[in-house]
Amino acid sequence: MGQQTQPPIGNHHTSGVTPARTGYGADESRPRAPISRRWCVGTEVAHRQSEVAVVNGTVLSATPEGLHALDARSGERRWRAEIDGGAPTVRDGRVYVATDSAVHCLGFDSGRELWARRLSNVTGEPLLLDVDTQGTKVFTVTARTDEDGSTEGAVLHALDASTGEASYRISSETAAIYGHVAGRGTYIYGGTTTGSVVAFDLDAREVVWQTHLGEYVNSVAATAEAVYAGSHTGVVAALDRTTGDERWRTTLEGDEVAVRARPAIATTTVYVAATDGNLYALDQETGEEQWRFDGGKRLRQPPTVVGSDDQSVVLGSDAGNVFSIDAASGEMYWSHQLEDRVNTPPVVVDGVVYIGDNSGRLYALANEKSNVGAESGSYRIPAAEETERGQGDTDNDGVVNAQDYAPRDGSVQSKDDLRDGYGRSSSEDEGGEFLVGAGVGAGVSLSGVGLGYVLWGRETSNSDNP
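As a starting point, this report considers the structure included with it. (Residues numbered from 1 in each chain as written. Predicted model: local features only at pLDDT ≥ 70, side-chain atom pairs only at ≥ 80, totals over all residues. Heavy atoms only, no water.)

Points about the overall build of the protein
Point 1. A tally of regular secondary structure across the protein gives two helices and 37 strands.
Point 2. Within the protein, the fraction of its 466 residues that count as buried is 59%.
Point 3. Here the contacts in the protein between residues at least 6 apart in sequence split such that 51% fall between residues at least 24 apart.
Point 4. Carbon and sulfur atoms make up 41% of the accessible area of the protein, which totals about 18100 Å². (Helix = DSSP H or I, 4+ residues; strand = E, 2+ residues; numbered from the N terminus. Buried < 20%, exposed > 50% of the residue type's maximum accessible area, 1.4 Å probe, protein only. Contact = heavy atoms within 4.5 Å. Areas by Shrake-Rupley, 256 points an atom, 1.4 Å probe, with all protein chains shown as cover.)

As for the pairing of strand 3 (residues 36-41)
Point 1. Counting buried positions along strand 3 yields six of six residues, so the element is predominantly enclosed.
Point 2. Two elements, strand 3 and strand 34 (residues 362-366), share five bridges in a ladder whose sense is antiparallel. Residue pairing across strands places Cys-40 opposite Tyr-363, the latter belonging to strand 34. (Pairing = 2+ DSSP bridges.)

Focus on the environment of Glu-225
Point 1. One can find Glu-225 in the loop between strand 20 (220-222) and strand 21 (226-230).
Point 2. Overall, Glu-225 belongs to the partly exposed group, its relative accessible area being 44%.
Point 3. A C-alpha to C-alpha distance of 8.5 Å links Glu-225 and Leu-239, two positions 14 residues apart in sequence.
Point 4. If near-sequence neighbours (up to four positions away) are discounted, Glu-225 is found in contact with Leu-239, Asp-240, Arg-241 and Arg-247.

Remarks on the sheet that holds strand 12 (residues 127-131)
Point 1. What the four strands build is an open sheet, ordered 12-13-14-15; its pairing is antiparallel. The open sheet terminates on both sides in strands that have one partner only, identified here as strand 12 and strand 15 (166-171). Within this sheet the neighbouring strands show an average axis-to-axis angle of 30°, counted without direction.
Point 2. The sheet contact formed by strand 12 and strand 13 (residues 135-145) spans five bridges and is antiparallel. Within the sheet, the bridge partner assigned to Leu-128 lies in strand 13 and is Val-138. (Axes fitted to C-alpha atoms, helices over the stretch in contact; angles between N-to-C directions.)

Side note on the pattern of salt bridges
Point 1. Tallying each qualifying case throughout the model produces 15 salt bridges.
Point 2. With a closest N to O distance of 2.8 Å, Arg-30 and Asp-310 form a salt bridge. One end of the pair, Arg-30, is in the loop between strand 2 (24-25) and strand 3; the other, Asp-310, is in the loop between strand 28 (304-306) and strand 29 (312-316), and 280 residues separate them in sequence.
Point 3. A relative accessible area of 4% means that Arg-30 is categorised as buried.
Point 4. For Asp-310, a relative accessible area of 30% corresponds to the partly exposed category.
Point 5. Among the ionic pairs, Arg-78 bridges to Asp-71, the shortest N-O distance being 2.7 Å.
Point 6. On the basis of relative accessibility, which here comes to 26%, the residue Arg-78 falls in the partly exposed class.
Point 7. Exposure remark for Asp-71: the relative accessible area of 19% places this residue in the buried category. (Salt bridge = Lys/Arg side-chain N within 4 Å of Asp/Glu carboxyl O.)

A short note on the packing of aromatic side chains
Point 1. A full pass over the atoms with the stated rule returns seven aromatic pairs.
Point 2. Between Tyr-189 and Trp-209 the ring centres are 6.0 Å apart and the planes differ by 40°, which places this aromatic pair in the tilted class. Here Tyr-189, found in strand 17 (residues 187-191), pairs with Trp-209, found in strand 19 (residues 206-212); they are 20 residues apart in sequence, far enough to count as distant. In this pair, the class of Tyr-189 matches that of Trp-209, namely buried.
Point 3. Grouping aromatic residues by their ring pairs yields a cluster made of Tyr-187, Tyr-189 and Trp-209.
Point 4. Residue placement shows Arg-30 over the ring face of Tyr-333; its charged tip is 3.8 Å from the ring centre.
Point 5. For the cation-ring pair, Arg-205 lies above Tyr-168, with the distance from its terminal atom to the ring centre recorded as 3.8 Å. (Phe/Tyr/Trp six-rings, centres within 6.5 Å; stacked < 30°, edge-to-face > 60°. Lys NZ or Arg CZ within 6 Å of the ring centre and 35° of its normal.)

Here's the deal with the environment of Gly-373
Point 1. Within the secondary structure, Gly-373 is located in the loop between strand 34 and strand 35 (379-380).
Point 2. Separated by 300 residues in the primary sequence, Gly-373 and Arg-73 have C-alpha atoms spaced 5.5 Å apart.

Looking at the sheet that holds strand 21
Point 1. One open sheet accounts for four strands, arranged 20-21-22-23; its pairing is antiparallel. Looking along the sheet, the strands with just one partner apiece sit at the ends: strand 20 and strand 23 (246-251). For this sheet, the mean angle separating the axes of adjacent strands, direction not counted, is 15°.
Point 2. Here strand 22 (residues 235-240) pairs with strand 23 via five bridges, running antiparallel. Directly across from Ala-237, in strand 23, lies its bridge partner Arg-249.

Focus: the pairing of strand 27 (residues 289-294)
Point 1. One ladder, built from five bridges, connects strand 26 (residues 278-283) with strand 27; its direction is antiparallel. Residue pairing for strand 27: Leu-279 is matched across the bridge by Phe-293.
Point 2. The hairpin formed by strand 26 and strand 27 contains five residues between the paired strands, and Gly-287 there has a positive phi angle of roughly 85°.

If you want it as structure tokens, here you go:
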């Protein structure tokens, strides 16, 4: 009997799991010990900071060397696009990613660029949101500056998801908004560099409220009733989603405690990672502390919560530790040591943790029952040569994938064909430019190293509570 085909891995389409950025995957199972490194892929340039997307057996990972599409089970590279951007979002067979000067749309299977919208001073990652009466839009934020380069306000841009054409924009007098904005219903929320949470009403096309929390709010998460955010002054607050009124506010104890990551919200609890090394579990209705977990060193990445009845919080620290914590009690299930400090939010799909560190490595962590990679978890760096995938001709149109603008569409081989389908260059307010562009083929060649379990400054635990 032939080997049974494994089902596709992947249900993590965007940062924070959903456009609301709550960081909660109810349908995902918690990763169970014993955890080992199943595969590890590095880059020639250290530093990896963006959350990955995992869809249909493919991991999309942004690096300084470009956006990489990797096999979720082996880590082998499928394609690479020469875009130095942030966290990718996947929707309907397309990948959306932003750089500081454009929003790009690529084909999921090929990495070919379908369109690019040039914008000045992009500060926010793309948000794909279904808006009532407006359809699916791509939202991103830019900073509006004066002649001296000083920020005068933030601008929310709405783009057509299919073509990249500008639909509208909402200009504000707020400070700059960096990172991820959250969307729910007809509202989009963001945190500013001066410590405010801002709400954009997409129907009224204006800023409808702004609430100040303290110095710098990195990003926010939204539920049906409230918006949750933390600031660099250690303030954590729940704000009414439509009015911005405070439901509760709490200040974390300790000297110079900051919240530099969005909270995660699951069931009745808000989970907050802080720079004092603690993960705080706060009551969602009152803000009262339920428990705290000592991660040993500062926590700067958002936690991720998975599971329905058996929930686990997964997080990483500056010491390079990855933890799985019982969401109800705060007790540790397991920990695993990486090469360098964790600098991507953990993504959990099918019991596998995909996470990156400051050395440029991306890891797949799981137990031996996961059927992902091998326990040796060899360390590999993709090479530059072309792969068989790039030399193949998927759509049988006589043009190899590496030179074909749409390898799965026999009617499209060149930029001119795409212009007919997506329109010619158009202009936009503030010098925006619409481009239909080129893509890149890629290859992979890999080799390896091993890591052990070391918890920063103390003995590690690799037990798994039943």
